[in-house]
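Reading the structure
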Amino acid sequence: MKKETFNYELLVIDDTGKSEISTEKQLLQAISYSGKLWNDANITNNQIVDNKTGITLKVKSADLTGSLSELEYSSVFFVFVSNTDFDSLEQFRKNLLVHLRKIGFQHTRILKDDISTTLAVQLYPLLNKVENCLRSFLVKFFIQKVGLNWWDVTAPKTVQEKVKTRRSGNEPQFAPYIDCDVTFCDFDDLGELIYKQTTGFNSPDKIVDKIMNTNSAEELSKLKSELQGNYTKYFKESFQDKQFDKKWKELFEVRNRVAHNNLLSANDKKVTEENSEYIVTVIKEAEKLIKNFTFSMEDKQAFFDASASIVTDSSNTSMVTAELSDSDRADLPMPKILGKIELKD
């Protein structure tokens, strides 16, 4: 079976004359001198061939005939590199860019990079899997434990606003029949729904207000208990303590490069494979604990207050909630939950 050939093409420009290179032969010789690029290289048939790695490199002068008068470049060349060995060419790419800069080519454009394209094709399914795995977990947990208004109560306001702007026209076939809040969340916003989760406070100003209105040691102790209830403890132990934040953000950086067709490296593949597998395991372990999760009294109070705040904001009316005793808070009704979702083992 014929091996696949991977190509790497560049356009290099010296507009200052620093390189003192004006012919294809001179450029080939200048590139062939680098010990970091080649193991056993020879120039034959107007190309460099590495007998050990199999890498071949050709150059061709750019035709500037008919160009604008101000395009007075000293040297402009196309560089063509190819190899059937993926790993050798993956490492070769950056070393070539560094060498070209050293010999005087200050402007370089990558015209084709089969290595990055191949990596993007390999990594996208992994990123898609972990992203949808987290979406599934968020829906299962919040619908069963918080209720239908979970999005308004728990999602940061900035994320809610982003989703609102994307609803129109982004999902024309399915949107009329499904709830699309989590569907329209960015990769980084999905992570934020986990590692910035705090009981009943989906915007920083609510926490600030609570602190500013705390006038006694007793109230401070109450706020501390509220912020350290079962809900916060669950997310801390299931995600924060397991470095979910760090791992997700590392994936987010790679995901952006894949989504925007940027250059990728072997390290991106390593990070994606390791982190995606780890995060899926973390999510599945957290999912197993959903059935046995219960809200503390402080959790209930926080969600009750947050729900009341949403009603107040949406109706532009004022609501005054009387002080409740501990026994009353224990009996607070949670938002209505319609049915249950069977969790797969």
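What comes next concerns the included structure. (Residues numbered from 1 in each chain as written. Predicted model: local features only at pLDDT ≥ 70, side-chain atom pairs only at ≥ 80, totals over all residues. Heavy atoms only, no water.)

**Looking at the packing of helix α3 (residues 114-145) against helix α11 (residues 266-288)**
- Following both chains from N to C, one finds α3 and α11 inclined at 20°, their axes separated by 10 Å at the closest point. Compared by their axis directions, α3 and α11 come out roughly parallel. For the element pair α3 and α11, the recorded crossing hand is left-handed. From α3, Leu-119, Gln-122, Leu-123, Leu-126, Leu-127, Val-130, Cys-133, Leu-134, Phe-137 and Lys-140 reach across to α11, where they touch Ala-266, Asp-268, Lys-269, Thr-272, Glu-273, Ser-276, Ile-279, Val-280, Ile-283, Lys-284, Ala-286 and Glu-287.
- Broken down by class, the residue content of the contact of α3 with α11 amounts to 13 nonpolar, three polar and six charged. (Axes fitted to C-alpha atoms, helices over the stretch in contact; angles between N-to-C directions. Helix = DSSP H or I, 4+ residues; strand = E, 2+ residues; numbered from the N terminus. Parallel < 35°, antiparallel > 145°, perpendicular 65-115°, else oblique. Left-handed = near helix turned anticlockwise from the far one by under 90°. Contact = heavy atoms within 4.5 Å. Nonpolar A, V, L, I, M, F, W, Y, C, P; charged D, E, K, R; others polar.)

**Examining the pairing of strand β3 (residues 47-50)**
- Both faces of β3 are covered, namely the face carrying Gln-47 and Val-49 and the face carrying Ile-48 and Asp-50.
- Examined bridge by bridge, strand β2 (residues 41-44) and β3 share four bridges and lie antiparallel to one another. Following the sheet pairing, Asn-42 is matched in β3 by Val-49.
- Linking β2 to β3, which pair antiparallel, is a turn of two residues; within it Asn-45 sits at a positive phi near 55°.
- Of the pairings in the sheet, the one linking β3 to strand β4 (residues 56-61) comprises three bridges and is antiparallel in character. Bridge pairing in β4 places Val-49 opposite Thr-56. (Buried < 20%, exposed > 50% of the residue type's maximum accessible area, 1.4 Å probe, protein only. Pairing = 2+ DSSP bridges.)

**A word on the sheet that holds strand β5 (residues 75-83)**
- In spatial order, the strands read β2-β3-β4-β5-β1-β6; together these six strands make up an open sheet with antiparallel pairing. Edge positions in the open sheet fall to β2 and β6 (107-113), since each of these has one partner strand only. Neighbour to neighbour, the strand axes of the sheet diverge by 20° on average, direction disregarded.
- Of the strands in this sheet, β2, β3, β4 and β5 are in contact with helix α1 (residues 24-32), which crosses β4 at around 145°.

**Here we look at the environment of Leu-123**
- Inspection of the secondary structure puts Leu-123 in helix α3.
- What makes Leu-123 buried here is its relative accessible area of 0%.
- Linking Leu-123 and Val-254, residues 131 residues apart in sequence, is a C-alpha distance of 8.9 Å.
- Those residues within four positions of Leu-123 in sequence are excluded, and the remaining contacts are Val-254, Val-258, Asp-268, Lys-269 and Thr-272.

**Details of a nonpolar patch on the surface**
- Side chains of Phe-174, Tyr-177 and Ile-178 sit close together on the surface and give an oily, nonpolar patch of about 380 Å² of accessible area.
- Tracing the backbone through its elements, the reader meets Tyr-177 in the loop between α5 (157-170) and α6 (187-195). (Patch = residues over 30% accessible without salt bridge, like charges linked within 9 Å, V, L, I, M, F, W, Y side chains within 5 Å. Areas by Shrake-Rupley, 256 points an atom, 1.4 Å probe, with all protein chains shown as cover. Salt bridge = Lys/Arg side-chain N within 4 Å of Asp/Glu carboxyl O.)

**Regarding the packing of aromatic side chains**
- Using the criterion set out here, one finds 20 aromatic pairs in the structure.
- Between the aromatic rings of Phe-244 and Trp-248, the centroid separation amounts to 5.4 Å while the plane-to-plane angle is 20°, which identifies the pairing as stacked. With Phe-244 and Trp-248 both in helix α10 (residues 244-259), this residue pair falls four residues apart, about one helical turn.
- Given the relative accessible area of 1%, Phe-244 is considered buried.
- Geometry around Tyr-278 places Lys-247 over its ring, the cationic atom sitting 5.5 Å from the centre. (Phe/Tyr/Trp six-rings, centres within 6.5 Å; stacked < 30°, edge-to-face > 60°. Lys NZ or Arg CZ within 6 Å of the ring centre and 35° of its normal.)

**Notes on the pattern of salt bridges**
- Scanning the entire structure with this criterion turns up 12 salt bridges.
- Here Lys-288 ties to Glu-285 by a salt bridge, and the two come within 3.3 Å at their closest N and O atoms. Of this pair, Lys-288 and Glu-285 both sit in helix α11, three residues apart, which is roughly one turn of that helix.
- For Lys-288, a relative accessible area of 54% corresponds to the exposed category.
- On the basis of relative accessible area, Glu-285 is assigned to the partly exposed category, the value being 36%.
- In this structure, a network of salt bridges that share partners links the residues Glu-90, Arg-93 and Asp-113.

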